[in-house]
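# Architecture at a glance
Spelled out from the first residue to the last, the chains are:
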Amino acid sequence: MANGTFISFEGIDGVGKSTQADLLEQFLIEAGHVVVRTLEPGGTELGKEIRHLLLHRKGEVAPRSEALLYAADRAHHVATKIRPALERSEIVITDRYLDSSVAYQGAGRELERAEVREISIWAVEGLLPQLTVLLDLDAATAATRRNKTGEAPDRLEREKIEFFEATRAAYLELAAAEPERFLVLDARESIDEMQQKIRERITKVLDSK
Ligand code: TYD
């Protein structure tokens, strides 16, 4: 990936990923880096259409179809936006990446996790982040935070608490399996405390290059 740095943020809905990603982006820009801030699903024009199909279209989406649509979004995202930025030696920060599919479709939808991961790995030709920040929070607290925003829940956010508990547990297993790539933070900590830890870790990643 040339000399770029790839960072993803993960966690169930309502843990505060975008707030932390915003603060990290600001910090890195102030340090003189070129940062591409993006998200899944919907980080590209094609992706926005896929996002709409996944989250706002009326009616059911079969679990395997759902998994493939997220993977299709990701394939285009990596090919047209993420990889080119990394090749220009920029820093890419994405709000969600393939661990979301393993956790949500693999555990939440009860598909085979290893298979879901394989589909995404194929879609992105093996590209993994150097750092994945997992914000960990229990499903009930995350649901309370989501309700406070006053926004209408999308198709995924309408899932039951058990869905999000399974998703959360899968995330923790993924992090335990790849401690080098993951930084797991307790999302009950303050915004500043979490951001401090993220900055310390990314500084190490950048220094090691
Ligand atoms: P997100 O953009 O984080 O939601 P919001 O805009 O409400 O903050 O993600 C949309 C939803 O898609 C979220 O519920 C998680 C889900 N998702 C998956 O189920 N699998 C995936 O691979 C990805 C990337 C997201």
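Reference entry: report on the structure contained in this document. (Residues numbered from 1 in each chain as written. Predicted model: local features only at pLDDT ≥ 70, side-chain atom pairs only at ≥ 80, totals over all residues. Heavy atoms only, no water.)

Most of strand β1 (residues 5–10) is tucked away, with six of its six residues classed as buried. Residues Thr5, Ile7 and Phe9 of β1 are buried on one face, and the alternating residues Phe6, Ser8 and Glu10, pointing to the opposite face, are buried as well. Pairing of β1 with strand β4 (residues 131–136) involves four bridges; the strand directions are parallel. Bridging from a neighbouring strand, Ile7 pairs with Leu131 of β4. (Buried < 20%, exposed > 50% of the residue type's maximum accessible area, 1.4 Å probe, protein only. Helix = DSSP H or I, 4+ residues; strand = E, 2+ residues; numbered from the N terminus. Pairing = 2+ DSSP bridges.)

What follows concerns the environment of Ser190. Within the fold, Ser190 resides in the loop between β5 (182–186) and α8 (191–207). For the pair Ser190 and Ser8, spaced 182 residues apart in the sequence, the C-alpha separation amounts to 20 Å.

This part takes up the pattern of salt bridges. Within this structure, the stated rule accounts for 17 salt bridges. A salt bridge links Glu25 to Arg37; the shortest N-O distance between them is 3.4 Å. Here Glu25, found in helix α1 (residues 17–30), pairs with Arg37, found in strand β2 (residues 35–39); they are 12 residues apart in sequence, far enough to count as distant. Arg168 is the partner of Asp136 in a salt bridge, and the nearest nitrogen-oxygen pair spans 2.8 Å. Of this pair, Asp136 sits in strand β4 while Arg168 sits in helix α7 (residues 161–177), placing them 32 residues apart in sequence. Arg168 sits in the partly exposed class, given a relative accessible area of 22%. (Salt bridge = Lys/Arg side-chain N within 4 Å of Asp/Glu carboxyl O.)

So, about the side chain of Ser8. Its place among the elements puts Ser8 in strand β1. Using a relative accessible area of 0% as the deciding quantity, one classes Ser8 as buried. Within the structure, Ser8 has its side chain in polar contact with the side chain of Thr132 (distance 2.9 Å). Beyond its immediate sequence surroundings of up to four residues, Ser8 is in contact with Thr94, Tyr97, Pro129, Leu131, Thr132 and Val133. (Polar contact = N/O pair within 3.5 Å; in protein donor to acceptor, adjacent residues only side chain to side chain. Contact = heavy atoms within 4.5 Å.)

Every buried residue of helix α6 (residues 139–148) is accounted for by Ala139, Ala142, Ala143 and Arg146. For α6, the arc enclosing every buried residue in end-on projection is 100°, short of the 170-degree limit, so these residues lie on one face. Turning to α6, the residues buried within the fold contact α7. Looking at the residues trailing α6, positive phi occurs at Gly150, about 75°. (Arc of directions from axis to C-beta.)

Bear in mind that shape data such as this cannot, by itself, settle questions of function.
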